[in-house]
Every structure is written in C-alpha cells, then in structure tokens.
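Chain by chain, the residues:
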Amino acid sequence: MVTYKDLAQYIFSDINETIEDLEKKYPPRNLSCDAEVTRFAPSPTGFLHLGSLFMSLVASKVAYDSNGVFYVRLEDTDTKREIEGSGEELIEQLSHFGIVPDEGYLGSEEKGDYGPYTQSKRAHIYRVCIKHLMEQGRAYPCFCSHEQIEEIRQVQEAMKVIPGYYGEYALCRNITPEEALKRIKAGEKYVIRFRSQGNFSNKVTFHDLIRGDIQIADNALDVVIMKSDGLPTYHFAHACDDHFMRTTTVLRGEEWIASAPIHLELFKALGFDLPKYAHAPVIMKLDNGNKRKLSKRKDPEASVSHFIMEGFPKEALKAYLMSIANSNFEEWTITNKCFDINKFKFSFEKMSLDGVLFDQDKLNYFSKEIIAQFSAEDFYNRLVEWSKLYDETLYTHIKGNKEYVTKILNIERGGEKARKDFTFYKEVYPIIGFFFNDRYDQIVKDGYPFNEVMSKEVIKNVLTDFASSNDYSLPNDLWFNSLKELAVRHNFADSNKTYKANKDIYLGHVGDVAEMVRVALVGAKNSPNLHSVIQILGKEEVDKRINKAIDYLA
Ligand code: GLU
C-alpha cells in the first residue's frame, strides 16, 4: 500500500534534510531576550508605496530600539506580477530614507546567516517543510483545474455556503496516496494543499500587539501551499521564513488579519512557535467624502518617489509617518524640539487601529519645521544634491555659487523666530529666484506691481532718494530708522500709527515706502527681510534694479 510517506518520498526525492536539520542550520539568534527581530517583506512588483515605507520605518525602529535585527526579505514568488529591477529600487529608496537593513536582501547582494533572503532561492527550505507535512498526511496533491475550482465556487454560491476549497468541496482531499502517485507519474499537473483540521464554526484567538486579543473564525480551508511552478504561496512562505529567519515580531498590513487563522494552523502543524503579530493600519485618502486606500494608480502620493521628487526632506516624511504610527509623536516634537525619530520611544499600544488618513498639511508642517532647523550650508548641500536630479533650473543657478546662495538661505534662519517659508525643495527657486538677475529680468519683464494709488512721480522720487542715500553699512534697526527718515522726507508718516492718526497730511507711511523699494528690487510685494535682500544684492545690483524700475516708471 502506498502511504503519504511514500508519496512524499517520490515527490521530494531530492530532499534528504529534515526540519530538525533546518532548526540546527538556522538556530535561535544570539540576542538578548527582549531584542526584536523584525522585517520588511516587499514583493518586487513596483515602486515603494508610502504604506510600505511606513511599515519598514516602524519595523526598523522596533528593532533599533531593542538592539535587535531588522532585515529585508524579497517575496518574489508571484512571478507574473514581478517588475524587473524593482527589488533594487525598493532598497535604494529605503536607503534614501536612511533605512538600511542589518541583514537580508540588499539589492545586488545579500547579507546574514539566515538566508537566502529571496524567496525564489529558498525552494529547498520549503520542500523540506512540505515533505514533512505530507509525511504526516497534512499536505496532499491537488489536481483540480481552474474550471473545476470555478465550478465548486458556483455550487457554493448557489448553496450560499462559505466559498473555498475545504471539507466536502475539497475534491482531491480524499484521493488515496496511491492514486495521487499514479497521476503524478502520468505527468498530471498539480499543486500541493495543506490539509486543514479546522472548522469555520469554531473561533480562534491570537494576540495582536496593536489591537490586543483578536477573536476570529477558525480556518478550515485547504489552502495551496505549493503552486504548480514549485513556488510557495504567501501563507506557507510566511510560516517557514519567519520561523527560520527567527522573526520575533511580524509587522504587516491589517489586510492580513483575515488570513491569520491559516497562519496559526500552519505554524502549529509545522511545530513552530508563533511570532508576535502587529497588524498596522493602512494609509487612506478622503475621496468625495469616502475613505479609501491610497491607490498606486490614482494617487501620486501613494508613491514614495513623489515626495523625493518634490523635495521633501527625508526627515520630514519620516517624522510625518512616525506621527501616524504614534499620535503622541507630534506633541513630543514640540516639547523636545527634535524631529529625530531615533530619540522617540515608539510603542505599539499607541498605534491607531483604523486606517489613517493621509494628511498633506501635517506633512507640510513637519517639513517646514525641519527645513527651518537646517543650517544654511546643510540646506545648500541638500539643494545641490536634489536639484541635480530633479530641478535643472535651480541646479544651474546654485551650483558653484555656494557663498551667494548660502547668504540667501541664511536670511532669518535659526533662532526662535526662524523663517519657515520653505515646505519642500521644489519651492525654493520660485521663492529665491529674484536674487538671480536672469530670473529678476523675467519677473519684471511685463512690469512692476507698484501700488496704483501712489503717483509714479512720488515712487520715482522715493527710489531716486533711496539709491543715493542708502547706507549699506547700517545694521537692520538703524537701517530701518534711515528708511523712516527717507519716508518723512517724502511726506510719508514714520509709522502706520502716526499715519492713521493723521491720514490727511500724509501720502502714506514707511511701510508704503518699503514696498516701493521691495517691488523695485524683487518684482513682488512680498520678500524675505528687505534689509537682508539689499545686503545680499549689494550696491551695484541694487542701483541697477532701482534704475530699471525708474525707467519703467518714466
Ligand atoms: N509580501 C507581502 C506584501 O507585500 C508581505 C506581507 C508581510 O509583511 O508579511 O504584502
């Protein structure tokens, strides 16, 4: 009589190792008992999704905080959906955010003693485990075609029973090992299924680090564990890989909660201890008043590269994601004046349970605060690096022009009242462009936005006086006093208050005069601190621009 052992021996004749051998080959890690081993397990099916960055950020943080290990495993068993080169790209983008795995799949190479870290290279390990299950009668070959599976589904739909391959609907469940062997020898195509011992009407409970105890219907599905191409399914690979890579905490999206009973049963059947689970919320978006998942297709912000291209500093995106992870992070940044997530104590209990809404304003807030804390030199270096790839105009203006650009970036930088006008790097050129002569000429090409209430004559006189009397050596406050004197010379009040008290006798106040100078020099009614602008442009350029404006007014 052919037994399951014989069948397993036939199918897995190349396998001599046992699960015990693998246990020895991949022993428990030599880490302190509270050290966490976490992982990021992307499928190479496209760009790095914001949700994946979120997940890997939290996973790496948990490992980092506990002196544990964070590794990357490439889940490339879905060969149909694989996009060539996307594995490497994922690693590159992670490293852009300073997330460098301690071990695992690193793009062009792998590092660590628990590999291979690419699932398609782990066939041997899966085969050892499936052989073991089959020997116990817990795995069996299934010869059902797509059509047969579809028929079963239709029957179940008509009978209004739970859909899936289980119990009496699992046609190949009761095929004898003898018959199975015959069919395999005859070259029939098959997959291998797990033989569940569960029952949908029972409940199983497992603990989730974010959600507490979760009670959910037991698994009764005979899920596929090995596909006809010899590769494992997610469920099976998860059990084997997270066990033999000695993962302590599996952090993954909440969409996996529903399959957790399958995983619980697989771990048990394989004799593996269950890891801790943390099912994190997904990042959602409000669309016409409805919450929906960020979509790769519809939402540019689903892709991490969008934020890189816009020029959000990596610290900003990380801080923002940490504020999603733990709602107390934002408050912590305010009292600690620090956006370094490494210094923050993350906790699973403080994680939100529901899908979180993507909040652009919050990201902008973090970004502004973080950019305002850069030194001008650091900011300059970052801009050069970024613009080289994403903003040619900015790059050609700032490259090799460090002294001048650093002065510009230094305007009102640092201190309590630091200027927070930059949200992302793409905004920099539109804001500082007027400092460059070609851009200034472009801005004023069609005229200047002078206050139309003022007569051209008055503006011309103010500008002419300014050009001849401006003292470049004065510090800001004294310089502003001199501007007040200039205002008075032209019948403007030296303050808004004085003007308001006696509107009839003045043409306006010193603010109007400053505006005239600003419009002439910048081509706009707003600019960073005017004294700084004048200092940076220097007398020669200031004179040139003032004269140009006077000519325009003539
Ligand atoms: N490859 C799976 C995914 O991309 C990983 C899920 C997990 O982390 O276990 O969804």
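Residues numbered from 1 in each chain as written. Predicted model: local features only at pLDDT ≥ 70, side-chain atom pairs only at ≥ 80, totals over all residues. Heavy atoms only, no water.

**Section: the overall build of the protein chain**
- Within the protein chain, the secondary structure is distributed over 23 helices and 16 strands.
- Here the C-alpha radius of gyration of the protein chain, 33 Å, is well above what a compact globule of 554 residues would show, namely 24 Å.
- For the protein chain, the C-alpha atoms occupy an extent of roughly 115 × 50 × 40 Å along the three principal directions.
- Of the accessible surface of the protein chain, which amounts to about 26,700 Å², a share of 49% is contributed by carbon and sulfur atoms.
- Counting 71 positive and 82 negative side-chain charges, the protein chain places the averaged centre of each group 1 Å from the other. (Helix = DSSP H or I, 4+ residues; strand = E, 2+ residues; numbered from the N terminus. Rg over C-alpha atoms; globule rule 2.2 N^0.38 Å. Areas by Shrake-Rupley, 256 points an atom, 1.4 Å probe, with all protein chains shown as cover. Lys, Arg positive; Asp, Glu negative; His and termini not counted. Charge placed at Lys NZ, Arg CZ, Asp CG, Glu CD.)

**Focus on helix α22 (residues 510-522)**
- With 13 residues, α22 should cover 18 Å at 1.5 Å per step; its first-to-last C-alpha distance of 18 Å lies within 8% of that length.
- Burial runs high along α22: 11 of the 13 residues are buried.
- Every buried residue belonging to α22 is among V510, D512, V513, A514, M516, V517, R518, V519, A520, L521 and V522, and all of these are buried.
- Buried residues along α22 sit in contact with α18 (437-444), α19 (456-469), α20 (476-489), β15 (492-493), β16 (508-509) and α23 (530-553).
- One or two positions beyond α22, positive phi appears at G523, with a value near 80°. (Expected span 1.5 Å × (residues − 1). Buried < 20%, exposed > 50% of the residue type's maximum accessible area, 1.4 Å probe, protein only. Contact = heavy atoms within 4.5 Å.)

**Details of the nonpolar core**
- Counting 178 residues, the largest nonpolar core has I225, F236, F348, F435 and L463 as its most contacted members.
- A per-element tally of this core places α23 first, with 10 residues.
- Sequence-distant contacts of L463, defined by excluding residues within four places in its chain, comprise F450, M516, V517, A520, I546, A549, I550 and L553. (Core = buried A, V, L, I, M, F, W, Y, C linked by side-chain atoms within 4.5 Å.)

**Quick notes on the sheet that holds strand β9 (residues 224-226)**
- Strand order in this open sheet of three strands is β5-β6-β9, and the pairing throughout is antiparallel. Among the strands making up the open sheet, the edge pair consists of β5 (139-142) and β9. On average, each strand axis in the sheet is inclined to that of its neighbour by 45°, with strand direction left out of account.
- Pairing between strand β6 (residues 191-194) and β9: two bridges, direction antiparallel. The partner of R193 across the bridge, within β9, is V224. (Pairing = 2+ DSSP bridges. Axes fitted to C-alpha atoms, helices over the stretch in contact; angles between N-to-C directions.)

**Here we look at the sheet that holds strand β4 (residues 110-111)**
- One open sheet holds the four strands; their spatial order is β1-β2-β3-β4, and the pairing between them is mixed. Across the chains shown, the open sheet's two edge strands, defined by having one partner strand only, are β1 (37-40) and β4.
- Examined bridge by bridge, strand β3 (residues 103-105) and β4 share two bridges and lie antiparallel to one another. Within β4, the position partnered with Y105 by the bridge is E110.
- Each of β1 and β2 (69-72) is contacted by helix α3 (residues 50-65), which is oriented at about 165° to β1, the strand it contacts most.

**Quick notes on the site of the ligand**
- Contacts to the ligand come from R39, A41, S43, E75, Y234, L251, R252 and W256.
- Here a nitrogen atom of the ligand and a backbone polar atom of A41 are 2.8 Å apart.
- Between an oxygen atom of the ligand and a side-chain N or O atom of Y234, the distance comes to 2.4 Å.
- Protein contacts shield 78% of the accessible area of the ligand, which totals 290 Å² for the unbound molecule.
- Here the shell around the ligand is built from residues that sort into four nonpolar, one polar and three charged. (Near = heavy atom within 4 Å. Polar contact = N/O pair within 3.5 Å; in protein donor to acceptor, adjacent residues only side chain to side chain. Nonpolar A, V, L, I, M, F, W, Y, C, P; charged D, E, K, R; others polar.)

**Side note on the layout of surface pockets**
- Put simply, the second largest pocket is a space of about 420 Å³.
- Together, 16 residues line the second largest pocket, and H96, I308, E385, L389 and Y390 are the ones closest to its centre.
- Secondary structure elements with two or more residues in the lining of the second largest pocket: α4 (86-96), α10 (304-310) and α14 (376-390).
- For the lining of the second largest pocket, the element with the most residues is α14, which contributes five residues.
- Residue composition of the lining of the second largest pocket, by class: eight nonpolar, three polar and five charged. (1 Å grid on protein atoms, 1.4 Å probe; cavity = no way out; pocket = protein on both sides within 12 Å on 5 of 7 lines; lining within 4 Å. Points joined across faces, edges and corners; volume = space filled by probe spheres on them.)

**Some points on the pattern of salt bridges**
- Tallying each qualifying case throughout the model produces 38 salt bridges.
- Ionic pairing is found between K362 and E330, a salt bridge with its closest N-O pair at 3.1 Å. Here the residue K362 occupies a position in helix α13 (residues 360-373), and E330 occupies one in helix α12 (residues 329-336), the gap between them amounting to 32 residues.
- Classification of K362 by relative accessible area gives partly exposed; the value is 24%.
- Among the salt bridges present, the one from D378 reaches R382, with a minimum N-O distance of 3.2 Å. Here D378 and its partner R382 are both found in helix α14, four residues apart, which amounts to about one turn of the helix.
- On the basis of relative accessible area, D378 is assigned to the partly exposed category, the value being 29%. (Salt bridge = Lys/Arg side-chain N within 4 Å of Asp/Glu carboxyl O.)

**Brief notes about empty space enclosed by the protein**
- Under the criterion given, the structure shown has two cavities of 30 Å³ or more.
- Size it by volume and the largest cavity reaches roughly 110 Å³.
- Around the largest cavity, the lining comprises 15 residues; the ones closest to its centre are L409, I411, R419, D421 and F422.
- Residue assignment for the lining of the largest cavity shows that the elements contributing at least two residues are α16 (402-409) and α17 (428-432).
- Of the residues belonging to the lining of the largest cavity, the class tally is 10 nonpolar, one polar and four charged.

**Considering the pairing of strand β10 (residues 249-253)**
- For β10, the buried fraction is high: five of the five residues fall into the buried class.
- As for the winding sense of the linkage, the β-α-β connection from β10 through helix α9 (residues 260-270) to strand β11 (residues 276-280) is right-handed. (Right-handed = clockwise from strand over helix to strand, strands pointing away.)

**Notes on the packing of aromatic side chains**
- Throughout the structure, instances matching the rule amount to 32 aromatic pairs.
- Taking 5.1 Å as the distance between ring centres and 80° as the angle between the ring planes, the aromatic pair formed by F346 and F348 counts as edge-to-face.
- Three or more aromatic residues joined by ring pairs make a cluster, and in this case those are F329, W332, F339, F344, Y365 and F366.
- Between R29 and the ring centre of Y114, over which it is positioned, the NZ or CZ distance is 4.0 Å.
- The positively charged end of K185 is found above the aromatic ring belonging to Y10, 5.3 Å away from the centroid. (Phe/Tyr/Trp six-rings, centres within 6.5 Å; stacked < 30°, edge-to-face > 60°. Lys NZ or Arg CZ within 6 Å of the ring centre and 35° of its normal.)

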